[in-house]
Every structure is written in C-alpha cells, then in structure tokens.
Amino acid sequence: MALFAEWSTAGLATLSVVAATSVWGLTNAYYAGKSYAQDGEGTHMKDLLARSLPKQRVKGEFGEYSDYFTQAADGSGVASGDKTKAPGFVDKFYNLVTDIYEWGWGESFHFSPSLAGKSDAEATRVHELRLAREAGLCAGRHALDVGCGVGGPMRNIARGTKGRVTGVTINAYQVERCKAHNRRAGLEGQVDVVQGSFLDLQFDDAAFDCAYSIEATCHAPTLESVYAEVHRVLKPGGLYATYEWLTTPQYDRRDPAQAAIIDSICHGNALPDLRTVDDAIAAAEKVGFELVKEGDCALPPALPWWRRLNISRWEYSLNGMVVNVLEAVGVAPKGTADVHKMLVGVARDLAKAGETGIFTPMHLLVFRKKKI
C-alpha cells in the first residue's frame with residue numbers, strides 16, 4: 001500500500017506537470033499571433049480562415065489547390081504540366097494560408113538568416129533592409145514591392161529607408177490586411193498596396209525608381225513573365241533586387257529522396273516548379289536586365305535560416321491539437337486542419353532542404369535596367 005501510495009503521488013505529480021505544460025502550450029499556441037504581431041494586432045487562432053473565405057468553401061478550395069499542385073514526383077514541377085494556371089491557384093493558396101502565416105510566423109512571410117543575440121523580428125528587419133539598400137531605396141525614391149503579402153517587409157523598409165513603397169499582391173484578402181496594418185502603423189502616406197498580378201502590372205512604364213521582391217516570384221509560371229513586367233515599370237538605370245527560392249548545385253534531381261523534398265516544398269508553397277540560379281539569370285537577361293550582383297545569402301558564415309522551423313514535435317502537435325479542436329467545434333472551418341497539416345509537413349521538408357543544402361530561399365540577385 002505504501003508503495004502504491006508513493007507511486008500514486010508520483011503519478012499525480014507527473015500528470016499535474018503534463019497538464020500544466022499542455023495548458024501553457026495550448027495558451028501559447030492560441031495567442032501566438034498576438035506575440036508575433038508588429039503592431040499589436042496579430043491573428044488569433046479563433047480567426048483562422050474565418051475572414052479570408054466563406055467557411056463552407058475552405059475544404060473545397062484546399063482540395064482544388066492540392067490537386068493542382070500535386071507534383072510529377074521527379075522534381076520537374078506540377079504533374080499536369082500546365083503551369084499557366086498557377087496564378088489562380090496561388091490566389092487560392094493565400095486565401096487558405098494568410099491567417100495561419102500571420103498567426104504562426106508574423107507579418108513578413110519569408111525566411112531570414114538567424115543573427116546571434118538578436119530576435120527573429122530583428123533578423124527579419126535586417127534581411128529586408130539589406131535588400132532595400134541593394135535596390136537603392138532611400139528618402140525621395142519610390143520602390144515597387146513585387147508580391148508584398150500583408151506588407152510586413154514594406155513597412156519595415158519604409159521605416160528604415162524613409163523611401164516610399166507601393167506593394168502589389170494578387171490576393172484581395174491580403175490587400176485588406178495590408179491596408180489595416182498600414183493604417184495602424186501610421187504609414188499610409190508612405191506605403192500603399194494594390195491588388196493585381198505581377199504578370200500584368202497596372203502601372204505606367206518607368207513608374208518606379210527601383211523594385212524588390214522577397215520570396216515571391218517563385219510563384220510565377222515562368223521567371224521571364226514577371227521579370228519582364230518589373231523591367232517595364234522601372235526607370236532606365238533602376239535597380240531590381242530579389243531574394244529567390246532556388247535549388248542549389250547540391251541538388252540531384254535523380255535522387256528520389258531529394259526530389260521528394262523539392263516536390264513537397266512546391267506542393268506546400270504553391271510553386272509550379274523550382275529553378276536554378278542559372279535559370280533566373282538567363283530569364284532576367286532575356287528581358288533586358290543586366291546582372292549587377294548575385295550570391296546565396298544562406299551560405300556560411302550566415303546562421304541557419306531554417307532554425308525557426310525546427311520546433312519540437314510537441315509544439316507542432318500542440319498547434320495541431322488546437323486547430324483540430326477549433327475545427328471540430330465549428331470555430332474554424334472544415335479543412336483548416338488539412339491546411340495546417342500540409343504546412344507542418346512542408347515546414348519539416350524545408351528544414352531538411354536547408355540542412356542538406358539542396359535549396360535556398362534567399363539567393364540574392366540584383367539587376368539593372370539599362371539606361372537608354
């Protein structure tokens with residue numbers, strides 16, 4: 001009996017710790033959007049996918065998205081081979097993931113190298129400002145943000161450079177979120193956002209002093225199509241700086257394990273395929289750009305960009321538990337758990353791709369539009 005009592009006491013203590021840890025983890029997961037928000041207005045889990053789409057459409061939209069971005073299983077891109085349909089499905093993708101991204105990551109939908117002794121938010125700002133300065137943005141100049149998302153980078157860049165920024169995103173819900181963030185940040189006179197495709201920019205020729213894109217043009221059916229439009233709206237002599245998602249020379253498409261990782265990255269991030277640095281440079285030069293600078297910002301001495309993805313299975317499970325419960329009780333729409341599961345899977349494969357060196361989300365390319 002004494003032994004049983006001792007075991008019972010220890011067991012109850014263990015259960016108490018587990019329960020307390022679970023409550024802490026669930027609370028942390030639920031309010032993660034609030035802690036990541038830069039302006040105090042993050043996305044809470046109870047709002048996931050509740051505003052970007054009518055609830056009854058979420059599961060069907062995800063099914064259509066997933067079917068289209070099913071890959072050919074050899075690293076060559078979408079199985080259908082028809083990459084021209086990608087923009088419409090990219091729009092669906094951001095209806096599905098924008099709230100989840102804001103809740104779990106913040107307002108800047110991209111990676112950045114870790115910085116010793118610095119927060120993730122500070123590392124993000126440093127990475128963004130580096131690109132803006134490569135593009136030549138400063139006070140008195142006007143930049144185009146090509147694929148701006150909800151505008152986290154443009155706000156950081158506007159504050160840091162004192163320049164003007166206009167962003168374009170294909171997704172109407174992101175425009176709504178971006179405008180709200182801009183208003184709360186007090187930057188409405190310095191930053192703006194318009195809805196539209198970066199394959200058909202609704203701006204006059206030579207409208208911008210410079211341009212930049214952060215992990216956005218990877219969604220384009222071809223890089224030539226988006227680079228041509230950026231080239232058109234730049235003033236002669238203007239710079240375009242971009243962080244591109246690319247496979248590296250370490251990637252071997254003939255290796256089934258490596259190809260599976262790249263296929264997962266494409267499927268889970270709305271990519272018709274992934275290109276190489278040679279592909280990107282050739283595409284830019286084809287539309288009239290000249291290369292000024294290039295280099296992979298993920299290479300040492302840079303610290304790992306994938307560190308934030310390497311959270312424990314326990315944390316992923318807690319987040320998944322909350323999503324499943326919210327969907328089960330009808331707070332989150334049917335299909336939210338499917339979207340979350342896809343994003344968890346691709347997060348793990350992105351980390352693998354970073355650790356093995358077969359992929360980079362931050363190959364820096366700086367191009368110049370030739371002077372007339």
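Remember, predicted model here, so these are calculated numbers, not experimental data.

What counts and how
- Residues numbered from 1 in each chain as written.
- Predicted model: local features only at pLDDT ≥ 70, side-chain atom pairs only at ≥ 80, totals over all residues.
- Heavy atoms only, no water.
- Axes fitted to C-alpha atoms, helices over the stretch in contact; angles between N-to-C directions.
- Helix = DSSP H or I, 4+ residues; strand = E, 2+ residues; numbered from the N terminus.
- Parallel < 35°, antiparallel > 145°, perpendicular 65-115°, else oblique.
- Left-handed = near helix turned anticlockwise from the far one by under 90°.
- Contact = heavy atoms within 4.5 Å.
- Nonpolar A, V, L, I, M, F, W, Y, C, P; charged D, E, K, R; others polar.
- Buried < 20%, exposed > 50% of the residue type's maximum accessible area, 1.4 Å probe, protein only.

**Student:** Quick question: what am I supposed to make of the packing of helix α9 (residues 256–268) against helix α12 (residues 336–356) here?
**Tutor:** Two measures define how a pair of helices packs: the angle their axes make with one another and the distance between the axes. Running from amino to carboxyl end, α9 crosses α12 at an angle of 135°, the nearest separation of the two axes being 9 Å. The orientation of α9 with respect to α12, classified from their angle, is oblique. The crossing of α9 and α12 is left-handed. Residues I261, S264, I265, H267 and G268 of α9 form the contact with α12, whose participating residues are M342, L343, G345, V346, D349, L350, K352 and A353. Residue composition of the contact of α9 with α12, by class: 7 nonpolar, 4 polar and 2 charged.

**Student:** Please clarify how helix α6 (residues 152–161) should be interpreted in this entry.
**Tutor:** In an α-helix, one full turn covers 3.6 residues, which means residues spaced three or four apart are oriented alike. Summarising burial for α6: 8 of the 10 residues are buried, a large majority. Inspection of α6 places G152, P153, M154, R155, N156, I157, A158 and T161 among the buried residues, and these make up the whole buried set. Looking at the buried positions of α6, the neighbouring elements they touch are α5 (120–135), β1 (142–146), β2 (164–169), α7 (172–185), β3 (191–195) and β4 (208–214). Looking at the residues trailing α6, positive phi occurs at K162, about 70°.

**Student:** Is there a simple way to explain the packing of helix α4 (residues 86–104) against α12 in this structure?
**Tutor:** Where α4 meets α12, the closest approach of the two axes is 11 Å, and the angle between their N-to-C directions is 70°. As far as their axial angle goes, α12 and α4 are roughly perpendicular. Like other packed secondary-structure pairs, α4 and α12 cross with a definite hand, here right-handed. Contact residues: F93, L96, V97, I100, Y101 and W103 in α4; V339, H340, M342 and L343 in α12. Residues that form the contact of α4 with α12 fall into these classes: 9 nonpolar, 1 polar and no charged.

**Student:** Quick question: what am I supposed to make of unusual backbone geometry here?
**Tutor:** Peptide bonds are trans in most cases, and residues, glycine excluded, mostly fall at negative phi. Omega for the bond connecting P300 with P301 falls within 30 degrees of zero, at 15°, which places this linkage in the cis form. Within the element layout of this structure, P301 appears in the loop between β6 (289–296) and α11 (313–328). In this structure, E215 takes a positive phi of about 55° despite not being glycine. Given the relative accessible area of 7%, E215 is considered buried.

Take it as geometry only, folks, not as evidence of what the structure does.
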